[in-house]
Number of protein chains: 2
Amino acid sequence: GREMAAWARAVRGLLLDVSGVLYDSGGDGGVPIAGSVEAVRRIKASGLKLQFCTNETQATREGFVKKLQGMGFDISVAEVTAPAPAACRILKERNLRPHLLVHNDLVPEFAEIDKTNPNCVVIGDAAENFTYGNLNEAFRVLIGMEKPVLISLGKGRYYKETDGLKLDVGAYMKALEYACDVQAEVVGKPAKTFFEAALAEMGVAPQQAIMIGDDIVNDVGGAQQCGMRALQVRTGKYRPCDEKHPHVKPDAYVNNLAEAVDIILQQL
Amino acid sequence: GREMAAWARAVRGLLLDVSGVLYDSGGDGGVPIAGSVEAVRRIKASGLKLQFCTNETQATREGFVKKLQGMGFDISVAEVTAPAPAACRILKERNLRPHLLVHNDLVPEFAEIDKTNPNCVVIGDAAENFTYGNLNEAFRVLIGMEKPVLISLGKGRYYKETDGLKLDVGAYMKALEYACDVQAEVVGKPAKTFFEAALAEMGVAPQQAIMIGDDIVNDVGGAQQCGMRALQVRTGKYRPCDEKHPHVKPDAYVNNLAEAVDIILQQL
């Protein structure tokens, strides 16, 4: 029964993945997952801290938030932790000038970054920009460097859109890693520093936080590595075979975000 | 001096890689590498056995041979060992029906293969056919299988065309391997069975054969694993850093095919 949910105790903050948890993305903009709009409202009304922790790189945070607000979600830019702003901090710190292989709608996130005479490649979920020509161009920039630097905005294998599964940035990252014999630096989930930045925004310790996501490796595994509890929802890219994953076991499965919130709020 | 070339002794047959050894490919059809047309003629006049051992998958063997003949090379279809015919043998043996992600000009090689209701994916150097949509389609076919079967025509990282380096099939193979958590079966170099098939065509034992190629891993490493000697030419995709490869060391470096043939014929 729900009163047995030990994993839901002593919670002060929630980290929510967005795509596959709040909504299913798609060419039409996507559709909310049943109960999720109301679940976000209930979290906020409960007094729990809340941060959205996404690997979304097909839009600026502003564009992304506007889309979600349009679906009825109570969400603001400051509540979103996303890879592109994190990558910009790294680029500035290390004087890196990127060649960008990203979605057109993400480019404004890099407006203040010097992109002349590139000394690294930044790859995101470029979707239709993953043409043969563009991937080859990024490859040539990398292979021309003495020590190739490849920064990847996430390393997801695939995600679910309304019309089916789509290859994510991780697949293209692997193509460039292999071609250039380099290892990418991943910014975004499951990087520990990325989860830590999201926790810092909430001012909550990992032991007091639960991550809720649909990706067994990048959401669940990454958050657990960070000392958080993590739930896998059975929405979005979830597949039954995830429950037999050889290395990662969530603290609990829930059918969807609404069910997770029901259980967590009962324990407050 | 050349009289010291112990590696060139007791040779009965030569296996030649084609792209980067005989010619540099390119959108214009490509250009012969200086001295290579004459070098092939001299091999044939010497009485040495000769087989061309290529991972070329942008054309049928017929189309490929015609192009090379047009550049002046003395070459026939029967002298060419290529991945697509080898893959067709495997598909028939195992009752596999492929979804093809290959170059348009390669499709006729699979004319006699049942491609309905696919139960595997065959990937080749599809070049411009490596669109976002096509890669995603191949991914969906694979991820929809209980046990995904991915057959890759080679696993090269990149090759050199007249206008620069290009990503090869291996990069896209890695993308699908990662996305679907499978390991591809490689048909073509450096697979041992592929070199053995080329040697069988010549009727020459591996100890009596020399492989000449521009790819340190797929030509040199693969042939040596098979018990052959192998030379790396400093043409095609050759890069000076190849000479510091951590695992593979050719029996000798030569500036080009013509130089290799000079030395080998002196030892006959």
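Our structure is the block above this text.
Residues numbered from 1 in each chain as written. Chains lettered and ligands numbered in written order. Predicted model: local features only at pLDDT ≥ 70, side-chain atom pairs only at ≥ 80, totals over all residues. Heavy atoms only, no water.

## Examining the nonpolar core
Selection rule: To qualify as a nonpolar core, a set must consist of buried Ala, Val, Leu, Ile, Met, Phe, Trp, Tyr and Cys residues joined through side-chain atoms within 4.5 Å. Burial here depends on accessible area, computed with a 1.4 Å probe over protein chains only, as a share of the maximum for the residue type. Under 20% is buried, over 50% is exposed, and the range in between is partly exposed. Contacts: residue pairs with any heavy atoms within 4.5 Å of one another.
Grouped together as the largest cluster of nonpolar side chains are 56 residues, with contacts concentrated most on Leu135, Phe139 and Tyr172 of chain A together with Leu135, Phe139 and Tyr172 of chain B. Once residues lying within four places of it in the same chain are set aside, the contact partners of Tyr172 of chain A are Ile123, Phe130, Leu135 and Leu167 of chain A together with Tyr132 and Leu135 of chain B. With 38 residues, the next largest nonpolar core counts Ala82, Ala260, Ile263 and Leu265 of chain A among its residues.

## Quick notes on helix α5 (residues 169–180) of chain A
Quick reminder: α-helices carry 3.6 residues per turn. Residues three or four places apart thus point the same way. All names here are of chain A. Just so we agree on the cut-off: Working definition: helices are DSSP H or I runs of at least four residues, strands are E runs of at least two. Numbering for both runs from the N terminus. Helix span is expected to be 1.5 Å times the residue number reduced by one.
Under the 1.5 Å per step criterion, the end-to-end length of α5 is 17 Å for 12 residues, consistent within 8% with the ideal 16 Å. Most of α5 sits inside the fold, with 10 of its 12 residues counted as buried. Among the residues making up α5, those that are buried are Val169, Gly170, Ala171, Tyr172, Met173, Ala175, Leu176, Glu177, Ala179 and Cys180. Two residues or fewer after α5 comes Asp181, characterised by a positive phi angle close to 55°.

## Let's talk about the relation of the copies chain B and chain A
We apply this condition: The least-squares superposition of copies is restricted to C-alpha atoms, and to residues with a pLDDT of at least 70 in both copies.
Superposition record for chain B on chain A: RMSD 0.0 Å, screw rotation 180°, translation along axis 0.0 Å. Accordingly, the operation relating the two chain copies is best matched by a two-fold axis. The residues that chain B uses at the interface reappear at the interface of chain A in 100% of cases, marking a shared surface.

## Structural notes on the packing of α5 of chain A against helix α5 (residues 169–180) of chain B
Selection rule: Axes here refer to lines fitted to C-alpha atoms; in helices the fit is confined to the stretch in contact. Angles between the N-to-C directions go from 0 to 180 degrees. Should an angle fall under 35 degrees it is called roughly parallel, over 145 degrees roughly antiparallel, and 65 to 115 degrees roughly perpendicular, with every other angle called oblique. Handedness of a helix crossing follows the sense of rotation of the near helix relative to the far helix, less than a right angle counterclockwise being left-handed and clockwise being right-handed.
Between α5 of chain A and α5 of chain B, whose axes approach to 7 Å, the crossing angle comes to 140°. The angle between α5 of chain A and α5 of chain B falls in the class oblique. Along this stretch, α5 of chain A crosses α5 of chain B, giving a crossing that reads as right-handed. Within the contact between the two elements, α5 of chain A uses Gly170, Ala171, Lys174, Ala175, Tyr178 and Ala179 of chain A and α5 of chain B uses Gly170, Ala171, Lys174, Ala175, Tyr178 and Ala179 of chain B.

## Notes on the sheet that holds strand β13 (residues 229–233) of chain A
By definition, the strands of a sheet pair up through backbone hydrogen bonds, in either a parallel or an antiparallel sense. All names here are of chain A. To keep it simple, the criterion reads: Strand pairing follows a simple DSSP-based rule, namely that at least 2 bridges must link the two strands.
Strand order in the open sheet formed by six strands is β5-β4-β1-β12-β13-β14, and the pairing between neighbours is parallel. Looking at strand neighbours, the two that pair on one side only are β5 (80–81) and β14 (252–254), the edges of this open sheet. Bridge analysis of β13 against β14 gives three bridges, and the strand direction is parallel. Among the inter-strand pairings, Val233 is bridged to a residue of β14, identified as Val254.

## Here's the deal with the pairing of strand β4 (residues 49–53) of chain B
All names here are of chain B. Taking burial as the measure, the five residues of β4 include four buried ones, the bulk of the element. Relative to β4, strand β1 (residues 13–16) runs parallel, the two sharing four bridges. Bridging across to β4, Leu14 finds its partner in Leu50. In this structure, β4 lies alongside strand β5 (residues 80–81), joined through two bridges in parallel fashion.

## Focus: the packing of aromatic side chains
A ring pair, where both rings are aromatic, is described by two values, the distance of the centres and the angle of the planes. Put simply, the rule is: Pairing of aromatic rings covers Phe, Tyr and the six-membered ring of Trp, with a centre-to-centre limit of 6.5 Å; geometry is then stacked below 30 degrees between planes, edge-to-face above 60, and tilted otherwise.
Following the criterion strictly, the structure yields four aromatic pairs over all chains and no others. When the ring of Tyr158 of chain A is compared with that of Phe139 of chain B, the centres are 5.5 Å apart and the planes differ by 40°; the resulting orientation is tilted. Taken as a pair, Tyr158 of chain A in strand β9 (residues 158–161) and Phe139 of chain B in helix α4 (residues 132–143) lie in two separate chains rather than in one. On the basis of relative accessibility, which here comes to 5%, the residue Tyr158 of chain A falls in the buried class. Residue Phe139 of chain B is classed as buried on the basis of its relative accessible area of 0%. Taken together, a centroid distance of 3.6 Å and an interplanar angle of 5° make the contact between Phe130 of chain B and Tyr172 of chain B stacked. Of this pair, Phe130 of chain B sits in the loop between β7 (120–123) and α4 while Tyr172 of chain B is found in helix α5, placing the two residues 42 residues apart along the sequence. Of the two residues, Phe130 of chain B and Tyr172 of chain B, both sit in the buried class.

## Let's talk about the pairing of strand β10 (residues 164–167) of chain A
All names here are of chain A. Where β9 meets β10, four bridges bridge the pair, whose relative direction is antiparallel. Opposite Tyr158, over in β10, you have Leu167 as the bridge partner. Counted between consecutive antiparallel strands, the loop separating β9 from β10 contains two residues.

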